[in-house]
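Structural overview
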Amino acid sequence: MSLLVVGSMAFDSVKTPFGEREGAIGGSATYFSVSASYFTEVRLVAIVGSDFPQSELDFLAERSVDLAGLERSEGETFKWKGEYGFDLNTARTLDTQLNVFQDFRPQVPDAFSESEYVFLANIDPELQASVVEQVKSPRLVACDTMNFWIEGKRDELVKTFGMVDMVVINEGEVRELAGESNVLKASRKIIEMGPSTLVVKQGEYGALLIQKDSVFSAPGLLLEDIYDPTGAGDTFAGGFMGYLSSEEDMSDASLRRAVIFGSVMASFNVESFSYDRLRVLTQTEIETRYRQFSDLASFDRI
Ligand code: AMP
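Residues numbered from 1 in each chain as written. Predicted model: local features only at pLDDT ≥ 70, side-chain atom pairs only at ≥ 80, totals over all residues. Heavy atoms only, no water.

1. Here we look at the pairing of strand β2 (residues 10–16)
- Burial analysis of β2 places 6 of its 7 residues in the buried class, which makes it a mostly covered element.
- Examined bridge by bridge, β2 and strand β3 (residues 19–26) share 6 bridges and lie antiparallel to one another. Within β3, the position partnered with D12 by the bridge is A24.
- Joining the antiparallel neighbours β2 and β3 is a turn of 2 residues.
- In this sheet, strand β6 (residues 78–83) lies alongside β2 in parallel orientation, the contact comprising 6 bridges. Following the sheet pairing, D12 is matched in β6 by W80. (Buried < 20%, exposed > 50% of the residue type's maximum accessible area, 1.4 Å probe, protein only. Helix = DSSP H or I, 4+ residues; strand = E, 2+ residues; numbered from the N terminus. Pairing = 2+ DSSP bridges.)

Encoded structure:
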(Lines give C-alpha, C1' and ligand atoms only; values in the text may rest on other atoms or scores of the structure.)
Protein backbone atom coordinates (compact mmCIF):
# COMPACT_ATOMS: atom_id res chain seq x y z
CA MET A 1 0.00 0.00 0.00
CA SER A 2 3.07 2.28 0.01
CA LEU A 3 4.03 3.85 -3.32
CA LEU A 4 7.38 5.59 -3.83
CA VAL A 5 8.29 7.63 -6.92
CA VAL A 6 11.55 9.19 -8.02
CA GLY A 7 11.60 11.47 -11.04
CA SER A 8 11.82 15.00 -12.32
CA MET A 9 10.02 18.13 -11.18
CA ALA A 10 10.20 20.79 -13.82
CA PHE A 11 9.23 23.99 -15.51
CA ASP A 12 7.95 23.07 -18.98
CA SER A 13 7.61 25.34 -21.98
CA VAL A 14 5.28 23.63 -24.38
CA LYS A 15 3.85 24.51 -27.78
CA THR A 16 1.05 22.52 -29.40
CA PRO A 17 -1.10 23.39 -32.45
CA PHE A 18 -3.72 24.59 -29.93
CA GLY A 19 -1.67 26.99 -27.85
CA GLU A 20 1.47 27.42 -25.80
CA ARG A 21 2.57 27.73 -22.16
CA GLU A 22 5.87 29.05 -20.83
CA GLY A 23 7.24 27.77 -17.53
CA ALA A 24 4.28 25.55 -16.64
CA ILE A 25 4.73 23.17 -13.72
CA GLY A 26 5.67 19.75 -15.03
CA GLY A 27 8.12 16.93 -14.59
CA SER A 28 7.67 13.18 -14.61
CA ALA A 29 7.41 12.80 -10.83
CA THR A 30 4.99 15.71 -10.51
CA TYR A 31 2.49 14.33 -13.04
CA PHE A 32 2.90 10.84 -11.60
CA SER A 33 2.27 11.95 -8.02
CA VAL A 34 -0.81 14.01 -8.76
CA SER A 35 -2.32 11.19 -10.80
CA ALA A 36 -1.47 8.41 -8.29
CA SER A 37 -2.80 10.54 -5.44
CA TYR A 38 -6.34 9.76 -6.63
CA PHE A 39 -5.70 6.12 -5.63
CA THR A 40 -3.21 6.07 -2.76
CA GLU A 41 -0.70 8.06 -0.72
CA VAL A 42 2.50 8.83 -2.60
CA ARG A 43 6.07 9.20 -1.35
CA LEU A 44 8.06 11.56 -3.54
CA VAL A 45 11.85 11.61 -4.02
CA ALA A 46 12.93 14.51 -6.24
CA ILE A 47 14.74 17.84 -6.33
CA VAL A 48 13.57 21.39 -7.01
CA GLY A 49 15.44 24.68 -7.14
CA SER A 50 14.74 27.76 -5.04
CA ASP A 51 12.54 29.07 -7.89
CA PHE A 52 9.91 26.31 -7.51
CA PRO A 53 6.67 27.79 -6.13
CA GLN A 54 5.78 26.83 -2.57
CA SER A 55 2.09 26.91 -3.57
CA GLU A 56 2.67 23.89 -5.85
CA LEU A 57 4.38 21.98 -3.06
CA ASP A 58 1.46 22.85 -0.77
CA PHE A 59 -0.92 21.52 -3.42
CA LEU A 60 0.97 18.21 -3.55
CA ALA A 61 0.98 17.95 0.25
CA GLU A 62 -2.77 18.59 0.32
CA ARG A 63 -3.18 15.66 -2.07
CA SER A 64 -1.37 13.38 0.43
CA VAL A 65 1.94 13.41 -1.42
CA ASP A 66 4.63 12.95 1.25
CA LEU A 67 7.43 15.44 0.52
CA ALA A 68 9.95 14.09 3.08
CA GLY A 69 12.19 12.94 0.19
CA LEU A 70 12.08 16.24 -1.67
CA GLU A 71 15.37 18.12 -1.78
CA ARG A 72 15.20 21.90 -2.13
CA SER A 73 18.41 23.22 -3.51
CA GLU A 74 19.88 26.64 -4.31
CA GLY A 75 19.77 27.16 -8.06
CA GLU A 76 17.25 26.65 -10.82
CA THR A 77 14.72 23.85 -11.22
CA PHE A 78 15.04 21.44 -14.18
CA LYS A 79 13.62 22.96 -17.39
CA TRP A 80 12.23 21.23 -20.48
CA LYS A 81 11.06 22.83 -23.71
CA GLY A 82 9.18 20.86 -26.32
CA GLU A 83 6.67 21.10 -29.12
CA TYR A 84 4.11 18.91 -30.82
CA GLY A 85 2.82 19.00 -34.39
CA PHE A 86 -0.61 17.72 -35.35
CA ASP A 87 0.63 14.23 -34.50
CA LEU A 88 0.31 14.73 -30.76
CA ASN A 89 1.87 11.35 -30.01
CA THR A 90 5.45 12.52 -30.46
CA ALA A 91 7.08 15.41 -28.60
CA ARG A 92 10.04 17.19 -30.16
CA THR A 93 12.48 18.26 -27.44
CA LEU A 94 13.84 21.75 -28.16
CA ASP A 95 15.84 22.24 -24.98
CA THR A 96 16.70 20.37 -21.76
CA GLN A 97 18.34 22.23 -18.87
CA LEU A 98 19.26 19.82 -16.08
CA ASN A 99 20.11 22.62 -13.61
CA VAL A 100 19.78 21.26 -10.04
CA PHE A 101 19.63 17.72 -11.47
CA GLN A 102 23.28 17.94 -12.43
CA ASP A 103 24.47 17.13 -8.89
CA PHE A 104 21.36 15.36 -7.62
CA ARG A 105 21.95 12.14 -5.67
CA PRO A 106 18.53 10.88 -4.58
CA GLN A 107 18.30 10.02 -0.88
CA VAL A 108 15.46 7.72 0.06
CA PRO A 109 14.48 8.71 3.64
CA ASP A 110 14.54 5.81 6.17
CA ALA A 111 10.79 6.08 6.50
CA PHE A 112 10.43 5.36 2.75
CA SER A 113 12.95 2.51 2.49
CA GLU A 114 10.36 -0.21 3.03
CA SER A 115 8.05 1.03 0.27
CA GLU A 116 6.33 -1.89 -1.43
CA TYR A 117 5.67 -0.29 -4.80
CA VAL A 118 8.35 1.79 -6.50
CA PHE A 119 8.12 3.80 -9.69
CA LEU A 120 11.27 5.11 -11.35
CA ALA A 121 9.81 7.91 -13.44
CA ASN A 122 11.74 9.42 -16.33
CA ILE A 123 15.11 10.59 -14.97
CA ASP A 124 18.78 9.68 -15.44
CA PRO A 125 18.93 5.84 -15.35
CA GLU A 126 21.88 5.93 -12.93
CA LEU A 127 19.74 7.85 -10.45
CA GLN A 128 16.91 5.35 -10.99
CA ALA A 129 19.30 2.49 -10.16
CA SER A 130 20.55 4.23 -7.02
CA VAL A 131 16.96 4.45 -5.74
CA VAL A 132 16.34 0.71 -6.31
CA GLU A 133 19.46 0.01 -4.25
CA GLN A 134 18.07 2.06 -1.34
CA VAL A 135 14.71 0.26 -1.11
CA LYS A 136 14.70 -2.91 1.01
CA SER A 137 12.30 -5.52 -0.41
CA PRO A 138 9.77 -3.98 -2.76
CA ARG A 139 6.92 -6.07 -4.20
CA LEU A 140 7.04 -4.26 -7.54
CA VAL A 141 9.57 -1.94 -9.16
CA ALA A 142 8.53 -0.32 -12.44
CA CYS A 143 10.44 2.09 -14.61
CA ASP A 144 9.94 4.65 -17.41
CA THR A 145 12.47 6.41 -19.62
CA MET A 146 12.71 8.53 -22.80
CA ASN A 147 14.76 8.89 -25.99
CA PHE A 148 17.07 11.42 -24.26
CA TRP A 149 18.43 8.58 -22.06
CA ILE A 150 18.15 5.83 -24.69
CA GLU A 151 20.47 7.88 -26.87
CA GLY A 152 22.68 9.38 -24.13
CA LYS A 153 22.98 6.61 -21.50
CA ARG A 154 22.01 3.37 -23.21
CA ASP A 155 24.28 1.03 -21.21
CA GLU A 156 23.21 2.53 -17.87
CA LEU A 157 19.57 2.24 -18.94
CA VAL A 158 19.90 -1.43 -19.89
CA LYS A 159 21.52 -2.02 -16.48
CA THR A 160 18.59 -0.33 -14.73
CA PHE A 161 16.07 -2.38 -16.76
CA GLY A 162 17.88 -5.47 -15.45
CA MET A 163 16.93 -4.39 -11.90
CA VAL A 164 13.17 -3.86 -12.40
CA ASP A 165 10.05 -6.04 -12.69
CA MET A 166 8.21 -3.85 -15.14
CA VAL A 167 8.91 -1.23 -17.79
CA VAL A 168 6.31 1.38 -18.80
CA ILE A 169 7.43 3.17 -21.99
CA ASN A 170 6.24 4.62 -25.32
CA GLU A 171 5.98 2.49 -28.43
CA GLY A 172 8.61 4.59 -30.23
CA GLU A 173 11.03 4.14 -27.32
CA VAL A 174 10.47 0.36 -27.35
CA ARG A 175 11.44 0.28 -31.02
CA GLU A 176 14.42 2.60 -30.54
CA LEU A 177 15.85 0.76 -27.54
CA ALA A 178 15.41 -2.69 -29.08
CA GLY A 179 16.61 -1.62 -32.56
CA GLU A 180 13.59 -3.48 -33.95
CA SER A 181 10.57 -1.99 -35.74
CA ASN A 182 8.09 -4.78 -34.93
CA VAL A 183 6.58 -3.84 -31.56
CA LEU A 184 6.03 -7.41 -30.38
CA LYS A 185 9.55 -8.53 -31.27
CA ALA A 186 10.97 -5.31 -29.81
CA SER A 187 9.00 -5.82 -26.57
CA ARG A 188 10.32 -9.37 -26.25
CA LYS A 189 13.87 -8.06 -26.62
CA ILE A 190 13.23 -5.67 -23.72
CA ILE A 191 11.72 -8.47 -21.63
CA GLU A 192 15.00 -10.36 -22.20
CA MET A 193 16.80 -7.42 -20.53
CA GLY A 194 15.10 -8.33 -17.21
CA PRO A 195 11.56 -7.02 -16.65
CA SER A 196 8.81 -9.64 -16.82
CA THR A 197 6.15 -7.15 -17.87
CA LEU A 198 6.13 -4.34 -20.38
CA VAL A 199 3.46 -1.66 -20.66
CA VAL A 200 3.72 -0.06 -24.09
CA LYS A 201 2.05 3.36 -24.28
CA GLN A 202 0.68 4.08 -27.75
CA GLY A 203 -0.36 7.71 -27.25
CA GLU A 204 -3.92 8.36 -28.44
CA TYR A 205 -4.22 4.74 -29.67
CA GLY A 206 -4.10 3.13 -26.23
CA ALA A 207 -1.67 0.82 -24.47
CA LEU A 208 -0.43 -2.78 -24.53
CA LEU A 209 0.38 -5.01 -21.58
CA ILE A 210 2.95 -7.52 -22.77
CA GLN A 211 4.35 -10.51 -20.88
CA LYS A 212 6.36 -13.45 -22.21
CA ASP A 213 3.30 -15.40 -23.39
CA SER A 214 0.44 -12.88 -23.31
CA VAL A 215 -0.73 -9.58 -24.73
CA PHE A 216 -3.59 -7.33 -23.55
CA SER A 217 -4.60 -4.34 -25.65
CA ALA A 218 -6.40 -1.34 -24.15
CA PRO A 219 -8.05 1.15 -26.51
CA GLY A 220 -7.55 4.90 -26.72
CA LEU A 221 -10.62 7.00 -25.97
CA LEU A 222 -10.95 9.10 -29.16
CA LEU A 223 -11.25 12.40 -27.33
CA GLU A 224 -12.50 15.48 -29.17
CA ASP A 225 -10.57 18.04 -27.13
CA ILE A 226 -6.87 17.40 -26.74
CA TYR A 227 -4.78 20.46 -25.86
CA ASP A 228 -1.47 19.24 -24.50
CA PRO A 229 -0.19 15.65 -24.31
CA THR A 230 2.75 16.60 -22.05
CA GLY A 231 2.80 14.36 -19.02
CA ALA A 232 0.30 11.87 -20.43
CA GLY A 233 2.80 9.04 -20.00
CA ASP A 234 3.59 9.96 -16.40
CA THR A 235 -0.08 10.46 -15.61
CA PHE A 236 -0.78 7.02 -17.11
CA ALA A 237 1.93 5.53 -14.92
CA GLY A 238 0.47 7.29 -11.84
CA GLY A 239 -2.99 5.81 -12.44
CA PHE A 240 -1.50 2.39 -13.23
CA MET A 241 0.80 2.17 -10.19
CA GLY A 242 -1.64 4.01 -7.90
CA TYR A 243 -4.38 1.48 -8.65
CA LEU A 244 -2.05 -1.53 -8.30
CA SER A 245 -0.70 -0.40 -4.96
CA SER A 246 -4.17 0.42 -3.63
CA GLU A 247 -5.42 -3.07 -4.54
CA GLU A 248 -2.29 -5.00 -3.51
CA ASP A 249 -3.24 -7.51 -6.21
CA MET A 250 -0.98 -8.36 -9.12
CA SER A 251 -3.27 -10.85 -10.86
CA ASP A 252 -3.78 -10.56 -14.60
CA ALA A 253 -7.26 -9.08 -14.07
CA SER A 254 -5.85 -6.45 -11.71
CA LEU A 255 -3.02 -5.55 -14.11
CA ARG A 256 -5.58 -5.08 -16.88
CA ARG A 257 -7.74 -2.81 -14.71
CA ALA A 258 -4.60 -0.86 -13.82
CA VAL A 259 -3.88 -0.29 -17.53
CA ILE A 260 -7.41 1.10 -17.93
CA PHE A 261 -7.09 3.36 -14.85
CA GLY A 262 -3.79 4.59 -16.30
CA SER A 263 -5.53 5.31 -19.59
CA VAL A 264 -8.39 7.08 -17.78
CA MET A 265 -6.00 9.42 -15.94
CA ALA A 266 -3.98 10.16 -19.08
CA SER A 267 -7.16 10.91 -21.02
CA PHE A 268 -8.05 13.62 -18.50
CA ASN A 269 -4.55 15.06 -18.45
CA VAL A 270 -4.43 15.80 -22.19
CA GLU A 271 -7.56 17.96 -21.92
CA SER A 272 -5.56 20.91 -20.55
CA PHE A 273 -2.05 22.38 -20.30
CA SER A 274 0.15 21.32 -17.39
CA TYR A 275 -1.92 19.29 -14.89
CA ASP A 276 -4.76 21.80 -14.68
CA ARG A 277 -7.39 19.13 -15.36
CA LEU A 278 -5.93 16.73 -12.81
CA ARG A 279 -6.25 19.37 -10.09
CA VAL A 280 -10.02 19.31 -10.15
CA LEU A 281 -10.92 15.70 -10.96
CA THR A 282 -13.53 13.80 -8.96
CA GLN A 283 -13.78 10.07 -8.19
CA THR A 284 -17.11 10.01 -10.01
CA GLU A 285 -15.50 11.38 -13.19
CA ILE A 286 -12.77 8.73 -12.95
CA GLU A 287 -15.28 5.91 -12.53
CA THR A 288 -17.55 7.19 -15.32
CA ARG A 289 -14.64 7.30 -17.72
CA TYR A 290 -13.50 3.82 -16.68
CA ARG A 291 -16.93 2.54 -17.77
CA GLN A 292 -16.59 4.42 -21.09
CA PHE A 293 -13.37 2.50 -21.74
CA SER A 294 -15.11 -0.74 -20.91
CA ASP A 295 -17.99 0.02 -23.32
CA LEU A 296 -15.57 1.06 -26.06
CA ALA A 297 -13.80 -2.28 -26.20
CA SER A 298 -16.42 -4.80 -25.14
CA PHE A 299 -17.77 -7.35 -27.62
CA ASP A 300 -19.29 -10.83 -27.55
CA ARG A 301 -17.23 -13.95 -27.38
CA ILE A 302 -18.13 -16.56 -30.05
P1 AMP B 1 5.65 12.59 -20.85
O2 AMP B 1 4.75 11.88 -19.88
O3 AMP B 1 6.51 11.63 -21.58
O4 AMP B 1 4.91 13.55 -21.74
O5 AMP B 1 6.67 13.43 -19.94
C6 AMP B 1 6.73 14.84 -19.95
C7 AMP B 1 7.51 15.33 -18.77
O8 AMP B 1 8.83 14.79 -18.79
C9 AMP B 1 7.67 16.84 -18.81
O10 AMP B 1 6.89 17.42 -17.78
C11 AMP B 1 9.16 17.10 -18.64
O12 AMP B 1 9.43 18.04 -17.64
C13 AMP B 1 9.75 15.75 -18.30
N14 AMP B 1 11.03 15.53 -18.95
C15 AMP B 1 11.40 15.89 -20.21
N16 AMP B 1 12.68 15.54 -20.47
C17 AMP B 1 13.15 14.94 -19.34
C18 AMP B 1 14.42 14.34 -18.97
N19 AMP B 1 15.43 14.29 -19.82
N20 AMP B 1 14.52 13.82 -17.72
C21 AMP B 1 13.49 13.85 -16.86
N22 AMP B 1 12.28 14.40 -17.15
C23 AMP B 1 12.09 14.93 -18.37
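We are not done yet, so read on.
2. Brief notes about unusual backbone geometry
- Residues other than glycine seldom take positive phi values, yet L222 does so here, at roughly 55°.
- Inspection of the secondary structure puts L222 in the loop between β13 (214–219) and α8 (232–247).
- Overall, the relative accessible area of 73% leaves L222 in the exposed class.
- The residue S274 is not glycine, and still its phi comes out positive at about 50°.
- One can find S274 in the loop between α9 (252–269) and α10 (276–279).
- Take S274: its relative accessible area is 5%, and that puts it in the buried class.

3. Examining the site of the ligand
- Around the ligand sit 18 residues in total, of which S8, D12, G27, G231 and D234 are the nearest.
- Take G231: an N or O atom from its main chain is 2.7 Å from an oxygen atom of the ligand.
- With the chains in place, 90% of the 510 Å² that the ligand exposes on its own is no longer accessible.
- Those elements that place two or more of their residues in the shell around the ligand are β2, β6, α4 (147–152) and α8.
- For the shell around the ligand, the leading source of residues is α8, giving 3 residues.
- Residues belonging to the shell around the ligand are distributed by class as follows: 9 nonpolar, 7 polar and 2 charged. (Near = heavy atom within 4 Å. Polar contact = N/O pair within 3.5 Å; in protein donor to acceptor, adjacent residues only side chain to side chain. Areas by Shrake-Rupley, 256 points an atom, 1.4 Å probe, with all protein chains shown as cover. Nonpolar A, V, L, I, M, F, W, Y, C, P; charged D, E, K, R; others polar.)

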